[in-house]
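Residue-level structure breakdown
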Amino acid sequence: MEIGVLGAITVDGETVPVGKQLTLLAVLVCRANRPVSGDALAEAAWPSAAPSPSTFRWHLHRLRATVGDRLVRRGDGHMLVVADDELDVLQFTRLIQRATAEPAERALPLLDQALALWRGIPYSGLHDLEDIRVQAATLQEARLGVIEARAKALMLLGRFAECASDMATAVAEQPLRESFVELWLRALAAAGRPAEALRLFGQTRAKLVEELGVEPSGPLRRLHEELLRHDPAPRLLPPDVYAFTARTEELDVLDQLLHGPANVAVISGVGGVGKSGLALHWAHRSSDHFPDGQLYADLGQHTAADVLPRFLAVLGVILIPEDHDARIALYRQVLAERRMLIILDNAPGSVHVEPLLPGAPGCVTVVTGRSRFEKLAADCGALLVQLDVLPPADAALLLSRIARIEPSHAAPLVELCARLPLALRVAGARLVTRPGWTPQTLAARLAEERRLDELRVGELDVRASLEAGYQDLPEVERVLFERLGLVPAPTFTAWMAAALLMVPVSTGGDLLERLAERQLLQPEGLDIAGQERYRFHDLIRLLARERAGSGPVQDAVRDRFLSCLLAIAKDACEREYGGGFRLLDSGAPHWRPRGHVLPDEPMTWMAAERETLLAGIHHAAELGYAAMCWDLALAGVRLFEIHGQLVDWEQTSQLALRVCRDHGDLRGVGAMLASLSAVAGFQHRRGEAIALAKEALPLLGDSSIKALTLANLGSAELRLGHAECAFAHLTQAVSIASRLGDTVSEAALLARLALLDRGDPRPMLDKAAKLAAGARRVSLMVSFCDLLASVRAGRHADAETLSTQLLGRIRRYGDRVLEREALCLRADSLTALRRPAEAAACLRRAHELAVMQNVPLEAQRISAILEAGPAGT
């Protein structure tokens, strides 16, 4: 059975006719599931005179025919028994109770169901009965409350236009109900119709004054004030950056947001590099493209949970949900039909940004932060703008504009500020606020150890900006960051991190990448050895050194780095020469990391680590580590010789020689004298090469380096015309290499000796080639000697073919010294074969290499040949 009283009273959908039966039913329904005395029923149906018992029973009988056994006796009274789902009032009450406990999106359909039960005025036609009149009025008020609750749910869900339409109908029914008027006006304002809301407030106020003689209540007056203050296009941007300079390419990238398809951009970079400044400058420059306004939040100071209510409030939302997810949904709903710019500054990462991203394509979001925001790039197709320090000219211009000086006067300060925009602004502020200071005054202060202390003025603090990423580091990453500050290398790779922390190489690489993600390191990409390299920003390196401190632990870390560099460098040489060309052992410690470091071609690792090797040699010299210094320098000789880096070779050997002499390391003195003798020979300073070799030999013992020094001595003497001495020295060198079992050295020495033998050089060259098998560079050296023998014998056609093949192999290997010498031999053969133009081309390339390798005597000799012709014609 279904009984309805929310309108005319019905039973199973049929209207009960007016009469005593209807009155009795209304009273029983009004007190459903509660006994009603016979007297109360009789008084309600027969207000003038009580009916006879038979008449009363007859009408009850008629009513029972309608409601059946639901009408039961209870003592002296009667009761109508109904279930919750059989009486619309009970259904209405239960739906309201359920809706109250649910969030807006689930409450709304329950409220709709409750309102759908209404067919008209409750207990229609029976309001002359007091109890029924009271209940009807209560139900009417409850219905108005449901209308109000439904409107609030629509507001929370961002369905402002729908809410405004519904409340217009509700206000027409209840024009003086201020809560309805307030919701109507709020919905209009949130729907972008604030002017209409203000007009309707005026009409409501006039009606209240005219009909009730009262002013609007406090809530409605406060809403009126909010409407007057409300800017339909909120503009929350901080001021544009003063003296914004350069960044033209980056601004062009951001301009792509104005024309789609991307609607998110991320600006990342180290602290102080100008991320916020770029975002704000672009935002102000592009403000005309966003007629609905701009929002701004500093996520370095506030979370998304803090920001959402503020954004919703300025967007005109008054009823803000408590639930975080509901706020996100409402925020996106509000922005769905607007074109706005949202700047999310100093965001820690993608997850902190996602709640504030609009869901609709009409809005544009620019995010700044130290993170690389890979998730935003993957999920949103975000444009990536990676900021670096300013170019020198732009940096000087920025500083000059802030300090109000000429750019040329600002130039000396630019590198001391590492071209970091924040540091440049601090420097400019210090100059402009200290009239007695000149750029030279500040430069002198910045050149001191306490540079970061000088780069602070007022609230602008470079150290604090850089430290922001450091302070949040997990322990192991913090330790690595600090220890990298102890390393003299200009760039860092996984094996270095492994040495600093004593972890596997793979772990070291992961940790470096995490520091790069936090913008504490700058990725440099893969080097020629396939290693990912990272670099400190200059001022961040200062911070790392500060945080590293000093003491026994730091000394041990630095020493382990040098020991690791030495171990891997010597392993590279060992692998390259197949165990030959054995280096002296200084006794300096070796520390090898766990994991793979050297590539298949180990000398590419040496080439990739050239700057590290040079820095390590100089650092060992500064510390007075003589053995480490000369051992590293000797390992570097292999690289310097192949690539023709003769300046590096000579300078590092001279440095190590001084350190060895200062510390009485005679073994190191001998090794460095031998090294300097070799480089002097390469530079054709033959007298110096002979003197250095003779000084070195007594200190070298019976070693491969002694054999090579004897060979270098012989080569120098041969150039001076002392063939017999040269032959004797080379013969002795071959004997030493053979006795030591150094077949690779023996191969190289045999090939050179073959050129001095008065007989056929072929047998000795063939033996040298067999001994050199597997050692690529020594095989090239043997082939070069074969080419030289052919040229000397006048077999120029053979020599031309050999030189073509040999130069191809040399260039693939990367030996610039052998390339220069082979080019000169090829030019000789081409000249003899009457191919002067080709010969001249070879000589010009050989001259370039001689200049690059700092071999001036050879460069002069080649120039003279070119000028003399006919090869030069």
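Quick note: structure is the one above.
Description of the structure in this document. (Residues numbered from 1 in each chain as written. Predicted model: local features only at pLDDT ≥ 70, side-chain atom pairs only at ≥ 80, totals over all residues. Heavy atoms only, no water.)

Regarding its fold elements, the protein presents 42 helices and 16 strands. On C-alpha atoms alone, the protein measures out to a radius of gyration of 46 Å, which is more than a quarter above the 29 Å that the 2.2 N^0.38 rule sets for 873 residues. Across its three principal axes, the protein shows a C-alpha extent of roughly 160 × 70 × 60 Å. Evaluated residue by residue, the protein yields a buried proportion of 53% over its 873 residues. (Helix = DSSP H or I, 4+ residues; strand = E, 2+ residues; numbered from the N terminus. Rg over C-alpha atoms; globule rule 2.2 N^0.38 Å. Buried < 20%, exposed > 50% of the residue type's maximum accessible area, 1.4 Å probe, protein only.)

The next thing to look at is helix 14 (residues 324-335). Taking 1.5 Å per residue as the helical rise, helix 14 with its 12 residues ought to reach 16 Å, and the 17 Å between its terminal C-alpha atoms agrees with that figure. Where helix 14 is concerned, the buried positions are Ala 326, Arg 327, Ile 328, Leu 330, Tyr 331, Val 334 and Leu 335. Looking at the buried positions of helix 14, the neighbouring elements they touch are helix 6 (130-156), helix 7 (160-173), strand 8 (294-298), helix 13 (304-314) and strand 9 (341-345). For helix 14, the N-terminal capping position is held by Asp 323, with its side-chain oxygen 3.2 Å away from the main-chain nitrogen of Asp 325. (Expected span 1.5 Å × (residues − 1). Contact = heavy atoms within 4.5 Å. Polar contact = N/O pair within 3.5 Å; in protein donor to acceptor, adjacent residues only side chain to side chain.)

A pair of packed helices is captured by two measures, namely the crossing angle of their axes and the spacing between those axes. At their nearest, the axes of helix 27 (residues 552-576) and helix 29 (residues 610-623) sit 11 Å apart, and the two run at 130° to each other. In this view, helix 27 runs oblique relative to helix 29, as classed from their interaxial angle. Of the two possible hands of crossing, helix 27 and helix 29 adopt the one that is left-handed. For the pair formed by helix 27 and helix 29, the contact residues are Arg 558, Phe 561, Leu 562 and Leu 565 on the first element and Thr 612, Leu 613, Gly 616, His 619, Ala 620 and Leu 623 on the second. Considered class by class, the residues forming the contact of helix 27 with helix 29 number 6 nonpolar, 3 polar and 1 charged. (Axes fitted to C-alpha atoms, helices over the stretch in contact; angles between N-to-C directions. Parallel < 35°, antiparallel > 145°, perpendicular 65-115°, else oblique. Left-handed = near helix turned anticlockwise from the far one by under 90°. Nonpolar A, V, L, I, M, F, W, Y, C, P; charged D, E, K, R; others polar.)

Another aspect to go through is the sheet that holds strand 4 (residues 36-37). Sheet architecture is open: 3 strands sit in the order 4-6-5, paired in antiparallel fashion. In this open sheet, the two edge strands, each paired with only one partner strand, are strand 4 and strand 5 (71-74). Bridging between strand 5 and strand 6 (residues 77-80) involves 4 bridges; their strand directions are antiparallel. Bridging across to strand 6, Val 72 finds its partner in Met 79. Docked against the sheet, helix 1 (residues 20-30) engages strand 4, strand 5 and strand 6, running at close to 75° with respect to strand 6. Packing against the sheet, helix 3 (residues 53-67) makes contact with strand 5 and strand 6, and its axis sits at approximately 135° to strand 5. (Pairing = 2+ DSSP bridges.)

A separate point is the environment of Tyr 625. In this structure, Tyr 625 sits in the loop between helix 29 and helix 30 (626-643). Placed 499 residues apart in sequence, Tyr 625 and Leu 126 show a C-alpha to C-alpha distance of 110 Å.

A separate point is the packing of helix 4 (residues 88-100) against helix 6. Viewed as axis vectors pointing N to C, helix 4 and helix 6 meet at an angle of 35°, and their least axial separation amounts to 12 Å. Seen along the crossing, helix 4 lies across helix 6 with a hand that is left-handed. Counting all contacts with helix 4, which are made through Val 89, Phe 92 and Ile 96, the residues of helix 6 involved are Leu 139, Ala 142, Arg 143 and Val 146. Looking at the contact of helix 4 with helix 6 residue by residue, the classes come out as 6 nonpolar, no polar and 1 charged.

The strand order 14-16-15 describes an open sheet built from 3 strands, whose pairing is antiparallel. Only two strands of the sheet have a single partner each, and these edge strands are strand 14 (491-492) and strand 15 (522-526). Lying over the sheet, helix 25 (residues 505-517) contacts strand 14, strand 15 and strand 16 (532-535), oriented at roughly 45° with respect to strand 16.

To continue, consider the pattern of salt bridges. One pass over the full model with this rule turns up 57 salt bridges. In this structure, Arg 661 and Glu 695 form a salt bridge, with 2.8 Å as the shortest nitrogen-oxygen distance. Of this pair, Arg 661 sits in helix 31 (residues 646-662) while Glu 695 sits in helix 33 (residues 686-696); the two residues are 34 residues apart in sequence, bridging distant segments of the chain. Its relative accessible area of 39% is what places Glu 695 among the partly exposed residues. (Salt bridge = Lys/Arg side-chain N within 4 Å of Asp/Glu carboxyl O.)

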